[in-house]
Protein chains: 2
Amino acid sequence: MQTARTTPSRLAKRAHYDANTIHPILDEALFCTVSYVTDGQPMAIPTAFARLGDKIYIHGSVGSHFIREIEKGGPVCISVMLTDGLVLAKSAFHHSANYRSVVIFANAQKVTDEAERMNALALITDHLIPGRWDDLRPTTDSEMRKTTVLAFSLAEASAKVRTGGPSDDPEDENLPTWSGIIPMQTVRLTPVSAENSQDTPLPNYL
Amino acid sequence: MQTARTTPSRLAKRAHYDANTIHPILDEALFCTVSYVTDGQPMAIPTAFARLGDKIYIHGSVGSHFIREIEKGGPVCISVMLTDGLVLAKSAFHHSANYRSVVIFANAQKVTDEAERMNALALITDHLIPGRWDDLRPTTDSEMRKTTVLAFSLAEASAKVRTGGPSDDPEDENLPTWSGIIPMQTVRLTPVSAENSQDTPLPNYL
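Values in this document were obtained by computation on a predicted structure and should not be read as measured data.

**Some thoughts on the side chain of A:K90**
Moving on, step 1. Its location among the elements puts A:K90 in the loop between strand 6 (75-88) and strand 7 (96-107).
Moving on, step 2. We note that A:K90 is buried and unpaired, the nearest opposite charge coming from A:D168 at a distance of 6.0 Å.
Moving on, step 3. Polar contacts involving the side chain of A:K90 include one to the main-chain carbonyl oxygen of A:L175, which spans 2.7 Å.
Moving on, step 4. Here the side chain of A:K90 touches B:N196 through a polar contact of 3.1 Å, landing on its backbone oxygen.
Moving on, step 5. When sequence neighbours within four positions are dropped, the list of residues in contact with A:K90 reads A:D168, A:D172, A:E173, A:L175, A:T177, A:S179, B:L136, B:R137, B:N196 and B:S197.

What follows is the structure in structure tokens.
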């Protein structure tokens with residue numbers, strides 16, 4: 001949703017407020033950075049998350065300073081960034097990056113319903129490794145007691161997206177310097193079995 | 001440096017305060033997330049940066065809200081995260097990630113010396129694409145006037161690093177579920193020439 005704080009001061013043409021742009025970025029990014037304020041001091045923690053409809057979930061230890069601070073419900077800014085490429089122009093000034101980012105302004109809502117808590121943990125696990133949750137033993141009551149689950153509304157989320165090649169100044173167009181895009185991608189390599197799984201076949205979902 | 005705000009509340013064994021750990025992470029990460037506070041509201045912006053000795057530089061448009069806010073010198077939290085792998089344990093509870101992250105608490109110092117400003121822009125450019133700066137036409141006075149360069153001390157920087165396989169509970173060790181690591185890597189793909197560089201050979205540094 002476009003509000004004062006989700007409207008960028010620069011390059012407003014790159015801003016998007018529709019779920020069709022925002023949701024796929026959140027679904028592709030594995031980690032977000034949660035920024036919050038403690039006594040006027042900004043703090044930032046990278047963490048896993050998962051989206052369900054128009055909210056996202058994070059989880060953490062009930063004892064973590066981070067979780068205890070943000071569960072109070074103060075303002076939080078959650079950001080994700082996917083880097084699709086480096087954009088090399090003919091001048092340093094017009095170098096850029098192709099990226100898809102999302103910024104969410106929200107306040108934590110502590111999830112207390114046990115079924116919703118369990119479902120959020122399943123979503124976070126399957127966001128990282130689709131299909132993993134159903135292959136795992138049930139989470140125990142003790143593990144659930146040690147875990148806090150927080151939800152954040154996407155009502156005040158916005159995306160910024162840059163695609164395409166460099167935009168050079170007209171007077172630079174004929175310079176002999178190479179210009180273009182270096183595409184970037186995050187890839188998963190061959191899984192490495194743990195010592196206690198040397199004889200266990202790799203599951204199909206990997 | 002270990003201070004109250006750089007000491008994690010959880011997993012303190014993963015924390016590091018030495019330059020030998022912190023500097024290589026900052027040199028490998030291409031983008032950081034700058035978190036700051038405006039009227040009590042946390043804000044976060046991903047941006048390029050470069051390290052020189054025990055400080056880092058960022059740059060931005062003199063007109064951007066972000067730059068104008070943080071150049072006032074208020075407290076800033078800069079974070080970077082490199083994801084080396086997903087760690088799959090036999091229980092959901094012990095799933096984790098292998099990562100190398102750095103968090104810097106600092107206040108922006110506006111760089112005013114023209115030579116230092118130019119050098120910072122060269123460092124930021126070469127951090128993304130080593131060797132690029134010397135291949136580019138000189139930056140113009142007009143471009144320099146449109147650009148703000150900010151420096152941040154690394155005095156209060158800390159790293160968190162996780163490596164290795166899953167740590168399972170003893171009672172889970174013999175479960176038939178596969179466990180191990182899915183290594184992850186960010187790769188650069190074949191460069192794509194811009195329209196104005198179709199006949200320009202790819203430079204050696206690419």
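Structure shown, so let's carry the discussion forward.
**A few points about the sheet that holds strand 5 (residues 55-61) of chain B**
Residues and elements named next belong to chain B.
Moving on, step 1. Read from one edge to the other, the open sheet built from four strands follows the order 4-5-9-8, with strand pairing classed as antiparallel. Across the chains shown, the open sheet's two edge strands, defined by having one partner strand only, are strand 4 (50-52) and strand 8 (109-110).
Moving on, step 2. As judged from the three bridges shared by strand 4 and strand 5, these two strands associate in the antiparallel manner. Along strand 5, the bridge assignment pairs A50 with Y57.

**Section: the packing of aromatic side chains**
Residues and elements named next belong to chain A.
Moving on, step 1. As enumerated under the stated definition, the model contains two aromatic pairs over all chains in all.
Moving on, step 2. Taking the centre distance of 5.7 Å and the plane angle of 45° together, the rings of Y36 and F66 count as tilted. With a gap of 30 residues between them, Y36 in strand 2 (residues 31-38) and F66 in helix 2 (residues 65-70) connect regions that are remote in the sequence. Each of the two residues, Y36 as well as F66, counts as buried.

What counts as what
- Residues numbered from 1 in each chain as written.
- Chains lettered and ligands numbered in written order.
- Predicted model: local features only at pLDDT ≥ 70, side-chain atom pairs only at ≥ 80, totals over all residues.
- Heavy atoms only, no water.
- Helix = DSSP H or I, 4+ residues; strand = E, 2+ residues; numbered from the N terminus.
- Buried < 20%, exposed > 50% of the residue type's maximum accessible area, 1.4 Å probe, protein only.
- Lys, Arg positive; Asp, Glu negative; His and termini not counted.
- Salt bridge = Lys/Arg side-chain N within 4 Å of Asp/Glu carboxyl O.
- Polar contact = N/O pair within 3.5 Å; in protein donor to acceptor, adjacent residues only side chain to side chain.
- Contact = heavy atoms within 4.5 Å.
- Pairing = 2+ DSSP bridges.
- Phe/Tyr/Trp six-rings, centres within 6.5 Å; stacked < 30°, edge-to-face > 60°.

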